[in-house]
Amino acid sequence: MTQDAIFSPFFATVFLTLFVWVYMYIRRINFITSNKLSQKELATPNTLAQISPPNVSNPSDNLKNLFEIPVLFYALVLYLFVTKQVDTVYVNAAWIFVVFRVLHSIVHCTFNLIILRFYLYLFATLAVWFIAIRAALMHFT
């Protein structure tokens, strides 16, 4: 396995973030224009968040969420690459993270079934913790 194989799930996560960002703006712009909201109405911090329905606020919340655990994922990927530790186990775990994060974003940005979203987030995050713990064990042993 080549060391750069870890960058495929890395960039998949980056492009997931891009997709959610674009989707969020589409939802926001549609909401603002269809409700004819003025700049004055939106000038106060958090006004848009307070008046937005879930189909507008959920993509925004999901985008914020993509800057939480995924940041650890990015750091771990870079660590594994720099230390030349990338192997099949790490790449598979990284893809598990990506698949569950994509599913989590789909659920969060659409029908938002909380319990399903919770489990998708859990499985994705467990993949990151697996990567982190395995990398730490390899580092300290």
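Conventions and cut-offs
- Each chain has its residues counted from 1, following the order in which its sequence is written.
- Under the rules for a predicted model, residues below a pLDDT of 70 receive no local features and side-chain atom pairs below 80 are neither given nor counted, while totals for whole chains, interfaces and linings still include all residues.
- Computation of side-chain values covers all heavy atoms of the structure but excludes hydrogens and water.
- Numbering of helices and strands starts at the N terminus; helices are DSSP runs of H or I of at least 4 residues and strands are runs of E of at least 2.
- Under the scheme applied here, a residue whose accessible area is under 20% of the maximum for its type counts as buried, over 50% as exposed, and between as partly exposed, the area being computed with a 1.4 Å probe on protein chains only.
- Distance and chemistry together define a polar contact, namely a pair of N or O atoms within 3.5 Å, with one atom able to donate a hydrogen and the other to accept it when in protein, and with adjacent residues in sequence counting only for side-chain atoms on both sides.
- Whether two residues are in contact is decided by their heavy atoms, any of which lying within 4.5 Å being enough.
- To pair, rings of Phe, Tyr and Trp, with the six-membered ring standing in for Trp, must have centres within 6.5 Å; the planes then decide the type, stacked if under 30 degrees apart, edge-to-face if over 60, and tilted in the middle.
- UniProt positions are given in the numbering used here, feature names are shortened, and annotations may be inferred rather than shown by experiment.
- By definition, a salt bridge exists where a carboxyl oxygen of Asp or Glu is found within 4 Å of a side-chain nitrogen of Lys or Arg.
- Definition used in this section: a nonpolar core is a set of buried Ala, Val, Leu, Ile, Met, Phe, Trp, Tyr and Cys residues joined via side-chain atoms within 4.5 Å.
- By definition here, a helix of n residues has an expected span of 1.5 Å times n minus one.

1. Description of the side chain of Asn62
Here comes step 1: Take Asn62: it is sitting in helix α4 (residues 54-65).
Here comes step 2: When its relative accessible area of 0% is taken as the criterion, Asn62 is described as buried.
Here comes step 3: A polar contact is formed between the side chain of Asn62 and the side chain of Ser105, at a distance of 2.9 Å.
Here comes step 4: There is a polar contact of 3.1 Å between the side chain of Asn62 and the side chain of His108.
Here comes step 5: Those residues in contact with Asn62 that sit more than four places away from it in its chain are Val20, His104, Ser105, His108 and Cys109.

2. Some remarks on the packing of aromatic side chains
Here comes step 1: Across all of its chains, the model carries 12 aromatic pairs by this definition.
Here comes step 2: Measuring from ring centre to ring centre gives 5.1 Å for Phe10 and Tyr74, while their planes differ by 65 degrees; the resulting arrangement is edge-to-face. Of this pair, Phe10 sits in helix α1 (residues 7-34) while Tyr74 sits in helix α5 (residues 69-82); the two residues are 64 residues apart in sequence, bridging distant segments of the chain.
Here comes step 3: Its relative accessible area of 12% is what places Phe10 among the buried residues.

3. Considerations on the UniProt feature "transmembrane region" (unreviewed entry) in the protein
Here comes step 1: The UniProt feature table records "transmembrane region" (unreviewed entry) at residues 6-26, 66-83, 89-111 and 118-137.
Here comes step 2: As annotated, residues 6-26 has a helix share of 95% and a strand share of 0%, and its two end C-alpha atoms lie 31 Å apart.
Here comes step 3: Here residues 66-83 is 78% helix and 0% strand, with 25 Å between the C-alpha atoms at its ends.

4. Digging into the pattern of salt bridges
Here comes step 1: Going through the model one piece at a time under the given rule, you end up with 1 salt bridge.
Here comes step 2: For Arg134, the salt bridge is made with Asp87, and the minimal N-O distance between the two is 2.7 Å. Taken together, the residues Arg134 in helix α7 (residues 114-140) and Asp87 in the loop between α5 and α6 (88-109) connect sequence positions 47 residues apart.
Here comes step 3: Taking the relative accessible area as the measure of exposure, Arg134 reaches 21% and is therefore partly exposed.
Here comes step 4: The exposure class of Asp87 is partly exposed, given its relative accessible area of 23%.

5. Comments concerning the nonpolar core
Here comes step 1: Ile6, Phe73, Phe97 and Ile131 are the most contacted members of the largest nonpolar core, which has 22 residues in total.
Here comes step 2: For this core, the secondary-structure elements that each account for two or more residues are α1, α5, α6 and α7.
Here comes step 3: Residues in contact with Ile6, not counting those within four places in the same chain, are Val77, Phe81, Val86, Tyr90, Val91 and Ala94.

6. Quick look at α4
Here comes step 1: With 12 residues, α4 ought to run about 16 Å at 1.5 Å a step, and its terminal C-alpha atoms sit 15 Å apart, in line with that.
Here comes step 2: For α4, the elements touching its buried residues are α1, α5, α6 and α7.

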